[in-house]
Amino acid sequence: MEHAVFRRFWYPVMPMSKLKQGPQRFELLGQALALFLDDGGVPAALEDRCCHRTARLSLGEVCDNAIACPYHGWRYNREGQCVLVPQMPDRDPGPKRRVKAFSCREKYGYAWVALEQPLFDIPDFPEAADDSFVLIQEFYEEWRVSGLRVMENELDMAHPSYVHLGTFGSPEHLVAEDAKIEEFPGGFHYTGRLGVKQAHHAQDRNNERFLDCSWYAPFICRLRINYADGPAHVIINCQVPLANNRSQVVQFCFQEDDGNGIDEAAILAFDRKVTLEDKHVLESTDADVPLDPRDERHMVSDKPGLVMRRMIQALIENHETQAVTVQ
Ligand code: FES
């Protein structure tokens, strides 16, 4: 898939905890970024290429609210303007000494970047403002997979009975019951019920998951899992498109504290097992995802993925002005 419209969305590119260690490099949709924190602790994103002799700014250091190039020390502020050439300290560097700057914000413990004017804001997850939920950072790693394949997998309730038999999948429950989709601009809500082998927590006794999910184009999924008698577990899975058919997997969750305490290590261990079961199969799929429904075969439970493909196709038709290579 080659779609410039993907440049017009926010992506969580770097954990704030990593940025606090110093400037970092990240490749978003083939665009190399130098990420750093300004003196106020606010993340900034510049093109990772000095306009003097092209050295990587991400190898530099932050000095006086600017990032200093490691080669000759030119300093750039968060707008990409060179504010100091140390070898000519009395001269204004002028407007031509600058690099590209990109929109960058902090949310949910990540620095988020949009390469061009974003079409939608970063999603607001209601659990983030709910004191009964705790934010747990889970995974930040690269997979050889299309982000759209992972999004489809999140809302594909026919795969747990095959892929997740080692964790929660039940061979007796092949599809979700009462599955419903309600579209909104840039995404949709998905609700349904899925029978599972075991509940997420030991204290959960009911073997049915109530799903209250949302997909946000192009690559963010919120999966809220409730049992009849247990705390809610809300997984946020984001796929950050890199280049050459690779994705940065960013996953965090909101765990409800129902008064029994939260065993963070147990939650992480369980979600890790589930995620590795998905990875094994997903990395075997084709990197390209055809948006034309005639190009793959389908079944009724594929509807969420087919709606994603249709909505992405509409975004491309409505907003695309130039092609870039992404997965
Ligand atoms: Fe960056 Fe010279 S290459 S200051």
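Residues numbered from 1 in each chain as written. Predicted model: local features only at pLDDT ≥ 70, side-chain atom pairs only at ≥ 80, totals over all residues. Heavy atoms only, no water.

## A word on the overall build of the protein
Of regular secondary structure, the protein possesses five helices and 17 strands. A compact globule built from 327 residues should have a C-alpha radius of gyration of about 20 Å, and the protein, at 22 Å, falls within 12% of that. Its C-alpha atoms give the protein principal-axis dimensions of about 75 × 50 × 30 Å. Relative to its full complement of 327 residues, the protein shows a buried share of 53%. Counting contacts in the protein only where the partners sit at least 6 residues apart, residues at least 24 apart contribute 58% of the total. Carbon together with sulfur atoms contributes 47% to the accessible area of the protein, which is approximately 15000 Å² in total. Of note, the protein has its 35 positive side-chain charges centred 7 Å away from the centre of its 50 negative side-chain charges. (Helix = DSSP H or I, 4+ residues; strand = E, 2+ residues; numbered from the N terminus. Rg over C-alpha atoms; globule rule 2.2 N^0.38 Å. Buried < 20%, exposed > 50% of the residue type's maximum accessible area, 1.4 Å probe, protein only. Contact = heavy atoms within 4.5 Å. Areas by Shrake-Rupley, 256 points an atom, 1.4 Å probe, with all protein chains shown as cover. Lys, Arg positive; Asp, Glu negative; His and termini not counted. Charge placed at Lys NZ, Arg CZ, Asp CG, Glu CD.)

## So, unusual backbone geometry
Cis geometry marks the peptide bond from Ala 217 to Pro 218; its omega dihedral reads -5°. Inspection of the secondary structure assignment puts Pro 218 in the loop between strand E14 (208-216) and strand E15 (220-226). A positive phi angle, close to 50°, is found at Leu 29, a residue other than glycine. For Leu 29, the position within the fold is in the loop between strand E2 (24-28) and strand E3 (31-37).

## A closer look at the UniProt feature "domain: Rieske" (unreviewed entry) in the protein
The UniProt record marks residues 10-113 with the feature "domain: Rieske" (unreviewed entry), using the residue numbering of this structure. Counted over residues 10-113, helix gives 4% and strand 42%. Its end C-alpha atoms are 5 Å apart. (UniProt positions renumbered as here; feature names shortened; annotations may be inferred.)

## Points about the sheet that holds strand E10 (residues 110-114)
The six strands lie next to each other as E1-E10-E9-E4-E3-E2, forming an open sheet whose pairing is antiparallel. A strand with exactly one partner marks an edge of an open sheet, and here the two such strands are strand E1 (11-15) and E2. Across the sheet, the axes of successive neighbouring strands diverge by a mean angle of 35°, strand direction being ignored. Bridging between E3 and strand E4 (residues 43-47) involves five bridges; their strand directions are antiparallel. Each bridged residue has a counterpart across the sheet, and for Leu 33 the counterpart in E4 is Glu 47. (Pairing = 2+ DSSP bridges. Axes fitted to C-alpha atoms, helices over the stretch in contact; angles between N-to-C directions.)

## Quick look at the packing of aromatic side chains
Within the structure shown, the criterion is met by 14 aromatic pairs. Ring geometry for Phe 125 and Tyr 216: centres 5.9 Å apart, planes at 75°, overall edge-to-face. Taken together, the residues Phe 125 in the loop between E10 and strand E11 (133-143) and Tyr 216 in strand E14 connect sequence positions 91 residues apart. Residue Phe 125 shares its accessibility class with Tyr 216, and that shared class is buried. Sitting over the ring of Phe 168, Arg 209 keeps its end group 4.0 Å from the ring centre. (Phe/Tyr/Trp six-rings, centres within 6.5 Å; stacked < 30°, edge-to-face > 60°. Lys NZ or Arg CZ within 6 Å of the ring centre and 35° of its normal.)

## Focus on the pattern of salt bridges
Considering all chains together, one arrives at 20 salt bridges under this definition. Between Arg 246 and Glu 27 there is a salt bridge, with its nearest N and O atoms 3.9 Å apart. With Arg 246 in the loop between strand E16 (233-241) and strand E17 (247-256) and Glu 27 in strand E2, this pair connects stretches of sequence that are 219 residues apart. In this structure Glu 27 comes out as partly exposed when scored by relative accessible area, which is 30%. Across the pair Asp 124 and Lys 107 runs a salt bridge, and its minimum N-O distance is 2.6 Å. With Asp 124 in the loop between E10 and E11 and Lys 107 in strand E9 (residues 101-107), this residue pair connects regions lying 17 residues apart in the sequence. Among the ionic contacts, a cluster of salt bridges with common partners joins Glu 127, Asp 212, Arg 222 and Arg 224. (Salt bridge = Lys/Arg side-chain N within 4 Å of Asp/Glu carboxyl O.)

## So, helix H4 (residues 264-282)
Given a rise of 1.5 Å per residue, 19 residues ought to cover 27 Å, and the 26 Å separating the end C-alpha atoms of H4 matches this to within 8%. Three or more residues of H4 are buried, namely Ile 267, Phe 270, Asp 271, Val 274, Thr 275, Glu 277, Asp 278 and Leu 282. Viewed along the axis of H4, the buried residues span an arc of 150°, placing them on a single side of the element. Facing away from the buried side of H4 by more than 90 degrees, the exposed set consists of Ala 265 and His 280. Looking at the buried side of H4, the elements it contacts are E11, helix H2 (147-154), helix H3 (160-163), E16 and E17. (Expected span 1.5 Å × (residues − 1). Arc of directions from axis to C-beta.)

## A few points about the sheet that holds E17
The strand order across the open sheet built from seven strands is E11-E17-E16-E15-E14-E13-E12, with neighbouring strands paired in antiparallel fashion. Single-partner strands in this sheet number two, and they are E11 and strand E12 (177-184). Sheet twist, expressed as the mean angle between neighbouring strand axes with direction ignored, is 15°. One ladder, built from nine bridges, connects strand E13 (residues 187-195) with E14; its direction is antiparallel. Bridging across to E14, Leu 194 finds its partner in Arg 209. Relative to E11, H4 is tilted by about 30°, and along the sheet it contacts E11, E16 and E17.

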